[in-house]
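Okay, here's what each chain looks like letter by letter:
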Amino acid sequence: RELNVSFEKNGMIRDSKHLSTGQRAVWALCLRLAFIDELFKNDAPFIILDDPFVALDAENMIGVAKLLRELSRGRQMIYFTCHESRFLSK
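Conventions used here
Residues numbered from 1 in each chain as written. Predicted model: local features only at pLDDT ≥ 70, side-chain atom pairs only at ≥ 80, totals over all residues. Heavy atoms only, no water. pLDDT = per-residue confidence, 0-100. Helix = DSSP H or I, 4+ residues; strand = E, 2+ residues; numbered from the N terminus. Expected span 1.5 Å × (residues − 1). Contact = heavy atoms within 4.5 Å. Buried < 20%, exposed > 50% of the residue type's maximum accessible area, 1.4 Å probe, protein only.

(A) Quick look at the confidence of the model for the protein. For the protein, mean pLDDT is 83; residues scoring 70 or higher make up 89% of the total. Per-element mean pLDDT across the protein ranges from 83 in strand β1 (residues 6-9) up to 91 in strand β3 (residues 47-50).

What follows is the structure, given as structure tokens:
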């Protein structure tokens, strides 16, 4: 209802302020995709991503690249990036 995220870490419930900038970028994408899935049941629009993961380190970028490749199978995604370290495939 309030669109807040919470998670457990070290036995305590935390809010999104405890996420890193990169984790917040991934969370924001997931939230947007959930909205799109809910609003456009059968005719989802294309999604434009303009370098949303600049705050991710190389290791986490690998995981996000795999996730985006999987997610893009069911929807059209246009992904812009300005640095080769953010390429989804080489």
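(B) Here's a closer look at helix α1 (residues 21-39). End to end, α1 covers 27 Å across 19 residues, agreeing with the expected 27 Å (1.5 Å per residue, within 8%). Contacts made by the buried residues of α1 are with β3, α2 (58-71) and β4 (77-80).

(C) The arrangement of the environment of F46 in detail. Note on placement: F46 falls in the loop between α1 and β3. Judged by its relative accessible area of 49%, F46 is partly exposed. Sequence spacing of F46 and M77 is 31 residues, and the spatial spacing of their C-alpha atoms is 5.7 Å. If we skip the residues at most four places from it in the chain, F46 touches Q76 and I78.

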